[in-house]
Amino acid sequence: MAGVPQVNFALDTYECIVIYPGAAGRALPAETVQRLQSEHAEHMQALQRSGIVLVAGSIDGPARNPEPPIGFGLARTGSVDDVRSVLEADPAVQAGLYRVDVLSFLCPAGSLEFPLVKTGS
């Protein structure tokens, strides 16, 4: 992985999910937007229940970017491409209401906990 910092401690690697408004969002009827938002929430909850997504939620507040992110999440599958693939299957992404980006996120090992995630133990 390019850009991995050289540090003297262990790192955990996650897939960072960033959700942005999609190009088609402004043109969709309000009823369609509402339906897609509901389907998006169901899709993300299913990914959380399956253990693919560890945490996800909305971002609210001012941002300097003319197209600020509106959602954020973390997954831990070991594959940015796999996470991108399941997120691109989201009905709201397919309809253009949202677009997603998935990047690697590194942090000190053991620094994050996800108490709502069911473990296999």
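Since we're looking at a predicted model, the values are computed, not measured.

Draft legend 1. Looking closely at the packing of aromatic side chains. Under the defined criterion, the tally for this structure stands at two aromatic pairs. Note on Tyr14 and Phe105: the rings are 6.4 Å apart at their centroids and 45° apart in plane angle, and the pair reads as tilted. Remark: Phe105 occurs in strand S4 (residues 98-108) and Tyr14 occurs in strand S1 (residues 11-21); sequence separation between them is 91 residues. Counting every residue linked through ring pairs, the aromatic cluster contains Tyr14, Phe105 and Phe114. The ring of Tyr14 is capped by Arg76, whose NZ or CZ atom sits 4.8 Å from the centre of that ring. We note Arg99 situated over the ring of Tyr20; from NZ or CZ to the ring centre the distance is 4.3 Å.

Draft legend 2. Structural detail: the pattern of salt bridges. Following the criterion strictly, the structure yields three salt bridges and no others. A salt bridge links Arg76 to Asp12, with the shortest nitrogen-to-oxygen separation between them at 3.1 Å. Here Arg76 is found in the loop between strand S3 (71-75) and helix H2 (80-88), whereas its partner Asp12 is found in strand S1, with 64 residues between them in sequence. The closest approach of N and O atoms between Asp81 and Arg84, which form a salt bridge, is 3.1 Å.

Draft legend 3. Molecular detail of the pairing of S3. Counting buried residues along S3, four of its five residues qualify, which places the element largely inside the surrounding structure. When S1 meets S3, the two strands line up antiparallel, connected through five bridges. In the strand pairing of S3, Ile17 is matched with Gly73. In terms of strand pairing, strand S2 (residues 53-58) meets S3 through five bridges, oriented antiparallel. From the neighbouring strand, Ser58 faces S3, where its bridge partner is Gly71.

Reading the values: rules and limits
- Residues numbered from 1 in each chain as written.
- Predicted model: local features only at pLDDT ≥ 70, side-chain atom pairs only at ≥ 80, totals over all residues.
- Heavy atoms only, no water.
- Phe/Tyr/Trp six-rings, centres within 6.5 Å; stacked < 30°, edge-to-face > 60°.
- Helix = DSSP H or I, 4+ residues; strand = E, 2+ residues; numbered from the N terminus.
- Lys NZ or Arg CZ within 6 Å of the ring centre and 35° of its normal.
- Salt bridge = Lys/Arg side-chain N within 4 Å of Asp/Glu carboxyl O.
- Buried < 20%, exposed > 50% of the residue type's maximum accessible area, 1.4 Å probe, protein only.
- Pairing = 2+ DSSP bridges.

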